[in-house]
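Commentary on secondary and tertiary structure
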Amino acid sequence: MQRAGQSAHWKTVHRHMCKTLNKSLSSSSFQGLMQHERLDALLLSHLLATHHKFLKNSPSPKNEKLELLDVFLDLLPHDQPPATPPVVEMNFARFPQNTVDAIYSRFSNNNFVIHSHLDQVGHGIFPLASRLFNHSCAPNAIMAFTFEDNGQPPRMLVRALRDIKDGEEITVPYFDPALPYQRRQEICQFSYGFVCRCPLCEFSKRIVPISEPPKDEDKEEQATFERLLCQLAFSNSNSATIDWPRAPLLPSLPGQLTPIFHEDYLPRLSKRFRDAAHDGPYDLALTKGMALLAAYMIIYPPYYPQTGTHLLELAKTAWNMTISDQVTKEGEADMLKSSRRFLELASQTLAILGKEGDEGYGPAADCAALRALLES
């Protein structure tokens, strides 16, 4: 299979720039680019190599590659595209620069992050998705990717996060909705050329400026804030029986909890959870982890994949507590119930993504391994 993939890649792309690739990559013009610009230069070079016959000869419109290229060129260009990066020299005549510029002007505002098991592995242009699916920070669908070892590029799949009504627009997130409001708006305006007016952005706009969250050194105020956050998200404080999913929590968010949207709050809370989950104490990790889960339930739509990975980390933390010296015999049974409940919810949520990347690692494999431990 690997040899077949290499053969397919050679025929479509690599043979056109094999002799000049190393020279181009080591050139000062390429080395002077930023990392994302280097990726764009390679992506642009691959596109030109793959479609050079169609760009130059205009074959039959029934050709699938030409149809996809036509869809791509029909996309809106960025109104202020960055300078076109240098492309790899190829063993056929150069394209007119205006053609290359026209192609590249559609890159930044039609670009998707490609992920495997929620880890970013690259980025790419998916013309049909760009044409069909608009962005929302409160989406009703999510992108997933499948990878085949046959020389074909990754395939994007769009999966619903909830039931979508007849006539309702399908929207996807172009970036993480948990980013601060101003950062989300900057990405929308400068990278994609629009202003986002989704429910999350409209809510965020109304609460600007955002109050400072409790400081790390003020433990009592911090604990009160996290307790109120969990009371809003969960009908009870028992992690073994938390209910999921709930109705959207954003409309009922009281003003005293809006500091969760402060640019420092989620990164700080996430770090406190990770540090305690790795090194202990595990009871502190569970307290911080439940508060972080509550914040995710407010910001993200139900079954959002990042929430699923956090639930998995909570399941691992509860399991680690059962095998540590930080819990009594009576508490061990409760922690096992909590771990099972977190794992159940993590599995349901991550199932939205389906199979991504290679088998044998990633969240799905972690879920299976922890399930085996809990059943032993």
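Along each chain, residue indices are assigned from 1 in the same order as the chain's sequence is written. With pLDDT at 70 or above as the cut-off, local features in this predicted model cover only qualifying residues; side-chain atom pairs require 80 or more to be listed or tallied, and sums for whole chains, interfaces and linings still use all residues. The basis for the side-chain values is all heavy atoms of the structure; hydrogens and waters are excluded.

As named in an unreviewed UniProt entry, the protein chain is SET domain-containing protein, taken from Schizopora paradoxa.

What describes two packed helices is the angle between their axes and the distance between those same axes. Two elements in contact, helix H10 (residues 219–233) and helix H11 (residues 265–279), have axes separated by 14 Å at closest approach and are oriented at 100 degrees. Judged on the interaxial angle alone, H11 and H10 are roughly perpendicular. For the pair formed by H10 and H11, the contact residues are Gln 222, Phe 225, Glu 226 and Leu 229 on the first element and Tyr 265, Leu 269 and Arg 272 on the second. Under the scheme applied here, ten amino acids are nonpolar (Ala, Val, Leu, Ile, Met, Phe, Trp, Tyr, Cys and Pro), four are charged (Asp, Glu, Lys and Arg), and all others, including Gly, are polar. Grouping the constituent residues of the contact of H10 with H11 by class yields four nonpolar, one polar and two charged. As a rule, the C-alpha atoms of each element are fitted with a line to give its axis, helices using only the stretch in contact, and angles between N-to-C directions run from 0 to 180 degrees. To qualify as a helix, a DSSP run of H or I must reach at least 4 residues; to qualify as a strand, a run of E must reach at least 2; elements of each kind are numbered from the N terminus. Reported orientations rely on four angle classes, namely roughly parallel under 35 degrees, roughly antiparallel over 145, roughly perpendicular from 65 to 115, and oblique for the rest. In what follows, a contact means two residues having at least one pair of non-hydrogen atoms within 4.5 Å.

With that settled, the discussion passes to helix H14 (residues 329–350). For a helix, the expected span equals 1.5 Å multiplied by the number of residues minus one. Along its 22 residues, H14 runs 32 Å from first to last C-alpha, staying within 8% of the 32 Å computed at 1.5 Å per residue. Three or more residues of H14 are buried, namely Gly 331, Met 335, Leu 336, Ser 338, Ser 339, Arg 341, Phe 342, Leu 343, Leu 345, Ala 346, Thr 349 and Leu 350. Of the surrounding secondary structure, the elements contacted by the buried residues of H14 are helix H12 (282–299), helix H13 (305–322) and helix H15 (363–375). Accessibility here uses a 1.4 Å probe with only protein chains present; expressed as a share of the type maximum, an area under 20% marks a residue as buried, one over 50% as exposed, and anything in between as partly exposed.

This part takes up the pattern of salt bridges. Any Lys or Arg side-chain nitrogen found within 4 Å of a carboxyl oxygen on Asp or Glu counts as a salt bridge. One pass over the full model with this rule turns up 12 salt bridges. For Lys 316, the salt bridge is made with Asp 366, and the minimal N-O distance between the two is 3.2 Å. Taken together, the positions of Lys 316 in helix H13 and Asp 366 in helix H15 put the pair 50 residues apart, joining distant regions of the chain. The exposure class assigned to Asp 366 is partly exposed, which follows from its relative accessible area of 31%. It is possible to trace a salt-bridge network through shared partners that takes in Asp 216, Glu 226, Arg 268, Arg 272 and Lys 288.

On to the packing of H12 against H13. Where H12 meets H13, the closest approach of the two axes is 10 Å, and the angle between their N-to-C directions is 160 degrees. Classified by the angle between their axes, H12 and H13 sit roughly antiparallel to one another. Of the two elements, H12 crosses H13, and the hand of that crossing is left-handed. Along its contact with H12, which presents Tyr 282, Asp 283, Ala 285, Leu 286, Gly 289, Met 290, Leu 292, Leu 293 and Tyr 296, the element H13 presents Gln 306, Thr 307, His 310, Leu 311, Leu 314, Thr 317, Ala 318, Asn 320 and Met 321. A crossing counts as left-handed when the near helix is turned anticlockwise from the far one by less than a right angle, and as right-handed when that turn is clockwise.

We now examine the nonpolar core. To qualify as a nonpolar core, a set must consist of buried Ala, Val, Leu, Ile, Met, Phe, Trp, Tyr and Cys residues joined through side-chain atoms within 4.5 Å. If you look at the biggest cluster of nonpolar residues, it comprises 78 residues, and the most contacted ones within it are Leu 229, Phe 234, Ile 260, Phe 261, Leu 293, Ile 298 and Phe 342. Here this core gets 13 residues from one element, more than from any other, and that element is H12. Setting aside residues no more than four positions away along its own chain, Leu 293 makes contact with Phe 234, Ile 242, Trp 244, Thr 307, His 310, Leu 311 and Leu 314. Judged by nonpolar contacts, the second largest core, of 12 residues, contains Leu 47, Leu 48, Leu 75 and Phe 107.

Here six bridges tie strand S1 (residues 111–116) to strand S2 (residues 119–125), and the two strands are oriented antiparallel to one another. Following the sheet pairing, Ile 114 is matched in S2 by Gly 122. Whether two strands pair comes down to DSSP finding at least two bridges between them. In sequence, S1 turns back onto S2 through a hairpin of two residues, with His 117 there showing a positive phi of about 55 degrees.

This paragraph deals with the side chain of Arg 106. Looking at where Arg 106 falls in the secondary structure, it is placed in the loop between helix H6 (97–104) and S1. This buried residue, Arg 106, is left without a salt bridge; Asp 74 holds the nearest opposite charge, at 7.1 Å. Dropping the residues within four chain positions of it, Arg 106 is found in contact with Phe 72, Leu 73, Leu 75, Leu 76 and Pro 77. For the purpose of counting charges, residues Lys and Arg are taken to be positive, whereas Asp and Glu are taken to be negative. His and the chain ends are not included.

A few words now on the environment of Leu 128. Summarising the element assignment, Leu 128 is placed in helix H7 (residues 127–132). Residues Leu 128 and Phe 72, spaced 56 residues apart in sequence, show a C-alpha to C-alpha distance of 7.8 Å.

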